[in-house]
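Listed below, chain by chain, are the residues.
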Amino acid sequence: MKLLAFFLIAFFFELSVVAESSQKEKVVLKIDTLEYTLGEFTYMYNKNSHLPNVNESPEEFADRFINYKLKVVEAVNQGLDTLPSFLNEYNSFKSELKNSSVLDEELLEQEANEAYSRFLWYLDVSHILIRVPRDASPDDTLSAWNRADDILDRIRAGEDFNELASSVSEDPSASSNNGHLGWFTAFQMVYPFEKVAYNTPPGSVSEIVRTQHGYHMIKVHERVRNPGDISVAHIMKAFSKDEPAYKELQAMNKIDSLYTVLKNGADFFEIAKEYSDDVHTADAGGEMPPFSKSDIVPEFTSAAFALEEDGEISSPVRTDFGWHIIKRLSITDPPSYDEMEDQIKDLLTNSRYNVNAQEQFFISDNEWQKKSENRFRLNEYYDGLLVFEITSSEVWENAGNDSIALYNYFKNNSSKYLLPVALEGTQCLVLCDVDENKTLFEEIDELKKKNLVQILNDMEIADECYECYQGVFSFISEADNPFIVSDLPKDNFLSKHKKGVMLWAGEIKKDYLPNFSEVKVDVINDYSRFVEEKWLNELRDKYEPEFNYSLIEEL
C-alpha cells in the first residue's frame, strides 16, 4: 500500500508539473500576428515585484505590458529588428548570456570539491610519454596508442620503469631524469594527467591517459600532505658542476665553518649578508620569497619542510647550485576551499588546464534553449533594444528637437511650472550668540534690511560668525525679520543649522513663473510623456491588442 501511495503521489505531482507548464504556454496577449505567453508575463511581473515601493497588481502591470509589446510590434513592422546594428548587439548579448549560463553548476561544484581534495596532497611521480598531436589522423592516433599499450605490457611484465622511460619516452627530459617529474599538487599539471595520477595508488603505474601532449603512463612513487607555503632565509656557498672537484670541497668547508659559527650564536641575517653567494637574497639577510613543495629543487625543499619550528636552522644541504644552510621563518597552511573556490572553477572551465572543459561542464545549446528563463531573458533584451530604438525615433528625438512645440506646451501648461513663494535677494545666517548681537539687529531694522553683507562687514563681525548667500530661495512670506532658522521651509538648504538666526533682504515673489530656459528639461520630460501617451493610443487603435485577463486572476 505504501508503494502504491507513493506511486500515486508521484503520478499526480508529475501531472501538476505538466499542467503548470502547459498553463504557462497559454497566450495571454495577442497583437497583430505576434503572441505572448502567460509564462513571459509572469516572469516580467515577478522580476521587480519584490522591490521596495513596488505594489502593482497584475491588472495594473498588464496595462504597461500591453504598451510595451505594442512598441515591440511596431518596431518589428518597421523592420528595426533587421538592422545590422540591432542584430550585432543582440547576437553579442545572446553569446554572453549563453556563455555565462550554460555551465552545469552541480557537476562543476562536485568536481571543484574533488579538485580541492587533491590540492591537499602532493604526489611524487614519473611518466612515459608517447607523443600524438591533438589533431592527429585516426591512423596516427591508433599507432601511438598501440606503442603505448606495448610499453604498458612491458612494465606489467616486470621491466624497470625508469629504464624504459630513459629509452622509449618521448619527453625530451626523460634521457636525463628517467621520466621523473618530481612533486606536484593539483592545478600544476593538465587536468586529465592530474586526475589519473591522483587515482593511482603509490607504488603502482596508471592506465594509459590521453592529454593534449599525447599518451602517458604514470608511476606514483609517494603521496604526502600539502604542507602549504614556507618562508625561509638561506646562506649559500656556490659551486658549479663544471668546476674541479676541489671547488666543491672548498664550498663545503666554508659552509661547515659558517654552520659552526651559527651554532655558537652568531646572527643568521648578518652572516648571510656578509658571506652568502646568493646575490639575490644576501642583502636581505638571505630571505627568500615564500615557496611550495614543488617550487624549488627537491633537496632544498625537503630540508626546508623538515624544519619543525620557526627559527630552526638546518645542517648544510647540497644541491646542484651549492651548499646551503636554511633557516625557517614561517609556514602558511594551504588556503581553504572558500578562498580558492572561484579560482578552482575558473581553472576547471579553462581549456588550457582542462582541454575537454566544453564537453564536461557546458550543457548543449538545445538544453540551454529549453530553459524558459533563458528564453525570457533573451526576449527581454530583444524587446528592450527594439523599444529603445522605436521610442527614440517616435518620441524622444521628436520631442527634444521641436522647439516650437516645446514652448507652446510650456505656455499652455504654465501652471505646472509655477514655483512656490520665494525670496530673490540675500540671506545671511548669523551663527554667533544672539544676545551679543542686539546692536546688529537694531542697525538692520533701522536700515530696513538693506545691504546686509555690508552691514555685517562694517560692524566687524568675525567672518566665522555669519554666512551670506544671494539668489532665489524657497521662503516664508509671513516670516518676521529677523526669524529663527527653524521657521524656514524644510527644503531650504540653510535649515540644516541648529543655532543662529536668519536675516534676509530682497523681494518676496508669489507664484513665481520661471523663464522657459530655466525649466526646459522638465518641459522636455513632460512633453515627451504627452507625445508618448498620444502615440500609444494611436497604436492601440491600430493593432487592437487582445489580452486574456482571466489568465492572470490567480497571480
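Structure first, text after, so check above.
Residues numbered from 1 in each chain as written. Predicted model: local features only at pLDDT ≥ 70, side-chain atom pairs only at ≥ 80, totals over all residues. Heavy atoms only, no water.

**Q** Help me understand the packing of aromatic side chains, please; the structure alone is not making it clear to me.
**A** Centre-to-centre distance and the angle between the planes together describe a pair of aromatic rings. The tally for this structure, following the rule as stated, stands at 32 aromatic pairs. Here Tyr 90 and Tyr 382 contribute two aromatic rings whose centre-to-centre distance is 5.3 Å and whose plane-to-plane angle is 80°, an arrangement assigned as edge-to-face. With Tyr 90 in helix H4 (residues 84–101) and Tyr 382 in helix H16 (residues 372–401), this pair connects stretches of sequence that are 292 residues apart. Under the relative-accessibility criterion, Tyr 382 is labelled partly exposed at 23%. Ring geometry for Tyr 407 and Phe 516: centres 5.4 Å apart, planes at 85°, overall edge-to-face. Taken together, the residues Tyr 407 in helix H17 (residues 403–412) and Phe 516 in the loop between strand S13 (501–509) and helix H20 (520–543) connect sequence positions 109 residues apart. Overall, the relative accessible area of 38% leaves Tyr 407 in the partly exposed class. Every member of this aromatic cluster is reached through a ring pair, and the members are Tyr 36, Phe 41, Tyr 45, Phe 61, Phe 65, Phe 547 and Tyr 549. (Phe/Tyr/Trp six-rings, centres within 6.5 Å; stacked < 30°, edge-to-face > 60°. Helix = DSSP H or I, 4+ residues; strand = E, 2+ residues; numbered from the N terminus. Buried < 20%, exposed > 50% of the residue type's maximum accessible area, 1.4 Å probe, protein only.)

**Q** What's the story with the sheet that holds strand S3 (residues 121–131) in this structure? I'm lost.
**A** Within a sheet, each strand pairs with its neighbour through backbone hydrogen bonds, oriented either parallel or antiparallel. Overall, antiparallel pairing links the four strands, which are arranged S4-S3-S6-S5 in an open sheet. Two strands in the sheet have a free side with no partner beyond their single neighbour: strand S4 (180–184) and strand S5 (209–211). Along the sheet, successive strands turn relative to each other by an average axial angle of 40°, direction set aside. As paired elements, S5 and strand S6 (residues 214–225) share three bridges and run antiparallel to each other. Bridged to Thr 211 within S6 is Gly 214. Along the sheet face, helix H7 (residues 161–168) touches S3 and S6 and points at about 45° away from the line of S3. (Pairing = 2+ DSSP bridges. Axes fitted to C-alpha atoms, helices over the stretch in contact; angles between N-to-C directions. Contact = heavy atoms within 4.5 Å.)

**Q** Can you help me understand the pairing of strand S2 (residues 34–37) in this one?
**A** When a strand is regular, its side chains alternate between the sheet's two faces. As paired strands, strand S1 (residues 27–31) and S2 are joined by four bridges and run antiparallel to one another. Of the residues in S2, the one forming a bridge with Lys 30 is Glu 35. Linkage of S1 to S2, two consecutive antiparallel strands, is achieved through a turn of two residues, within which Asp 32 is found at a positive phi near 60°.

**Q** Just to check I follow, could you spell out the side chain of Thr 185 for this structure?
**A** On the secondary structure map, Thr 185 appears in the loop between S4 and helix H9 (191–198). At a separation of 2.9 Å, a polar atom in the side chain of Thr 185 contacts the main-chain carbonyl oxygen of Trp 121. (Polar contact = N/O pair within 3.5 Å; in protein donor to acceptor, adjacent residues only side chain to side chain.)

**Q** Explain the sheet that holds S1 to me, please; I cannot follow it from the model alone.
**A** If you walk across this open sheet you meet the three strands as S2-S1-S14, and the pairing is antiparallel. Of all strands in the sheet, those with a lone pairing partner are S2 and strand S14 (546–547), marking the two edges. With respect to the sheet, helix H2 (residues 38–47) is in contact with S1, S2 and S14, its orientation differing from that of S2 by roughly 60°.

**Q** Can you walk me through the environment of Asn 177 in this structure?
**A** Mapped onto the elements, Asn 177 comes out in helix H8 (residues 174–177). Accessibility expressed as a relative area gives 24% for Asn 177, which makes it partly exposed.

**Q** Help me out: how do you make sense of the packing of helix H6 (residues 138–156) against H7 in this one?
**A** Packed helix pairs are specified by the crossing angle of their axes together with the interaxial distance, meaning the distance between the axes. With their axes 10 Å apart at the nearest point, H6 and H7 run at an angle of 155° to one another. Judged by the angle between their axes, H6 and H7 are roughly antiparallel. Viewed along their axes, H6 and H7 form a crossing whose handedness is right-handed. Listed contacts from H7 to Ile 151, Arg 154 and Ile 155 of H6 are Phe 161, Leu 164 and Val 168. Of the residues that constitute the contact of H6 with H7, the class distribution is five nonpolar, no polar and one charged. (Parallel < 35°, antiparallel > 145°, perpendicular 65-115°, else oblique. Left-handed = near helix turned anticlockwise from the far one by under 90°. Nonpolar A, V, L, I, M, F, W, Y, C, P; charged D, E, K, R; others polar.)

**Q** It is not clear to me how unusual backbone geometry should be interpreted in this structure. Could you clarify?
**A** For residues that are not glycine, phi is negative in most cases, and the peptide bond is trans in most cases. The phi angle at Asn 178 is positive, at roughly 55°, despite the residue not being glycine. Counting through the fold element by element, Asn 178 comes out in the loop between H8 and S4. Of the residues examined, Asn 178 reaches a relative accessible area of 31% and is grouped as partly exposed.

**Q** Please clarify how the pairing of strand S7 (residues 229–238) should be interpreted in this entry.
**A** Summarising burial for S7: eight of the ten residues are buried, a large majority. Relative to strand S9 (residues 322–332), S7 runs antiparallel, the two being bridged by ten bridges. Across the sheet, the residue bridging to Ala 233 is Lys 327, located in S9.

**Q** Please clarify how the nonpolar core should be interpreted in this entry.
**A** Ranked by size, the top nonpolar core spans 47 residues in total, and within it Val 28, Leu 29, Phe 41, Phe 65, Val 523 and Phe 547 carry the most contacts. Looking at this core, the elements with two or more residues in it are S1, H2, helix H3 (58–77), H4, H16, H17 and H20. Beyond its immediate stretch of four places on either side in the chain, Val 523 contacts Leu 406, Tyr 409, Phe 410, Tyr 417 and Phe 516. The next biggest cluster of nonpolar side chains, apart from the first, holds 16 residues, and it includes Leu 108, Tyr 116, Tyr 337 and Phe 362. (Core = buried A, V, L, I, M, F, W, Y, C linked by side-chain atoms within 4.5 Å.)

Worth remembering: the numbers are spatial, not functional.
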